[in-house]
Amino acid sequence: MADNLLVSDSLVHKIAAARELKSATQKKIITSFQKPIISFSLNIPGPNKNLQQYHKIYIAGYKAIMKMVNNNSWPLLFSHQKNNAAGFQLFLSINTDVKQLKIQSIKLEEKHPLGRIFDIDVLDNLGRAVSRKDVGFTSRTCLICSNNPLFCRRTNKHTLEETLTAINKITDSFFSSGELRKEVHKHG
Ligand SMILES: [Zn+2]
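Summary of the structure given here. (Residues numbered from 1 in each chain as written. Predicted model: local features only at pLDDT ≥ 70, side-chain atom pairs only at ≥ 80, totals over all residues.)

Before going further, it helps to examine the overall build of the chain. In terms of helices and strands, the chain carries 6 helices and 4 strands. Sequence-ordered secondary structure for the chain, helices as α and strands as β, is α-α-β-α-β-β-α-β-α-α. Here the C-alpha coordinates of the chain stretch approximately 50 × 45 × 30 Å along the principal axes. (Helix = DSSP H or I, 4+ residues; strand = E, 2+ residues; numbered from the N terminus.)

Let us look at the sheet that holds strand 1 (residues 37-42). Judged by pairing direction, the sheet is antiparallel, and its 4 strands sit side by side in the order 2-3-1-4 without closing on themselves. Looking along the sheet, the strands with just one partner apiece sit at the ends: strand 2 (76-84) and strand 4 (118-123). Between one strand axis and the next, the sheet turns through 15° on average, direction left out of account. Where helix 2 (residues 9-33) meets the sheet, its contacts fall on strand 1, strand 2, strand 3 (87-94) and strand 4, and the angle it forms with strand 3 comes to roughly 15°. Sheet strands in contact with helix 4 (residues 98-111) are strand 1, strand 3 and strand 4, and its direction is about 175° off that of strand 4. (Pairing = 2+ DSSP bridges. Axes fitted to C-alpha atoms, helices over the stretch in contact; angles between N-to-C directions. Contact = placed C-beta atoms within 7 Å.)

Below, the discussion takes up the pairing of strand 3. In terms of residue burial, strand 3 counts as a mostly covered element, since 7 of its 8 residues are buried. Sheet topology places strand 2 next to strand 3; 8 bridges connect them, and they run antiparallel. The partner of Phe 78 across the bridge, within strand 3, is Ser 93. In textbook terms, the turn of a hairpin is the stretch between consecutive antiparallel strands, and for strand 2 and strand 3 this stretch comprises 2 residues. (Buried ≥ 20, exposed ≤ 12 C-beta atoms within 10 Å, placed from the backbone.)

The subject of this paragraph is helix 2. A rise of 1.5 Å per residue sets the reference length of helix 2, with its 25 residues, at 36 Å; its end C-alpha atoms lie 36 Å apart and thus fit the reference within 8%. Of the residues flanking the end of helix 2, it is Gln 34, one or two places downstream, whose phi is positive at about 55°. (Expected span 1.5 Å × (residues − 1).)

Relative to the assigned elements, Gly 87 resides in strand 3. Sequence spacing of Gly 87 and Asn 50 is 37 residues, and the spatial spacing of their C-alpha atoms is 5.4 Å. Apart from residues lying up to four places away in sequence, Gly 87 is in contact with Ser 41, Leu 42, Ile 44, Lys 49, Asn 50 and Tyr 54.

For helix 4, which comprises 14 residues, the first-to-last C-alpha distance of 20 Å matches the rise-based estimate of 20 Å (1.5 Å per residue) to within 8%. By the burial criterion, the buried members of helix 4 are Val 98, Leu 101, Lys 102, Gln 104, Ser 105 and Glu 109. At its buried positions, helix 4 is contacted by strand 1, helix 3 (52-71), strand 3 and strand 4.

Unusually for a residue other than glycine, Ser 73 sits at a positive phi of about 50°. With respect to the element layout, Ser 73 can be found in the loop between helix 3 and strand 2. For Asn 156, which is not a glycine, the phi torsion comes out positive at approximately 50°. Within the secondary structure, Asn 156 is located in the loop between helix 5 (149-154) and helix 6 (160-187). Overall, Asn 156 belongs to the exposed group, with 10 C-beta atoms counted inside 10 Å.

We now examine the environment of Ala 85. Looking at where Ala 85 falls in the secondary structure, it is placed in the loop between strand 2 and strand 3. Distance from Ala 85 to Pro 47, taken between C-alpha atoms, is 7.9 Å for residues 38 residues apart in sequence. Apart from residues lying up to four places away in sequence, Ala 85 is in contact with Lys 14, Ile 15, Ala 18 and Lys 49.

The subject of this paragraph is the environment of Asn 125. With respect to the element layout, Asn 125 can be found in the loop between strand 4 and helix 5. Among the residues examined, Asn 125 registers 15 C-beta atoms within 10 Å and is labelled partly exposed. Linking Asn 125 and Lys 35, residues 90 residues apart in sequence, is a C-alpha distance of 4.6 Å. The contacts of Asn 125, once residues within four sequence positions are left out, are Ile 30, Gln 34, Lys 35 and Pro 36.

Everything listed here is a matter of geometry and, on its own, says nothing about what the molecule does.
In structure tokens:
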């Protein structure tokens, strides 16, 4: 709790402004290309969204998304990356069916070891967010318990520290096993 109180007002405002900018960027890209977009960021609560360890998660997500685009032969019209108080962000304008984009993005979130930290939003050519429900999936569950994450956020069920610890645990196990794989490859 004390940690939360130390977050300065100016940082809170910076994050709010960065979120507004993110939404404006989404709208601008949709207006320019008139096609659906993927808007990718990380589910990292709290004031520090730009740490080096989070950049590693972002890069892993970026690579997985680009691989998904290539594997599906989706025509990529525009790509833009940003890093500000709202964290690391990727915007892609893609000329394909919006529901397919959402379905494949959900599958990526569910299959990738870091997928629970990924937040892959899909918006249609009118700027409307496509929900998991729209394409026949249930809502995501909380990183820590099995509840709806909105419920946990609203009721402050978990402390910031508890959530960041859970995120670090997922991250550490992914990157340490990655290092291990490289070692095995080198020697085997
Ligand atoms: Zn929870």
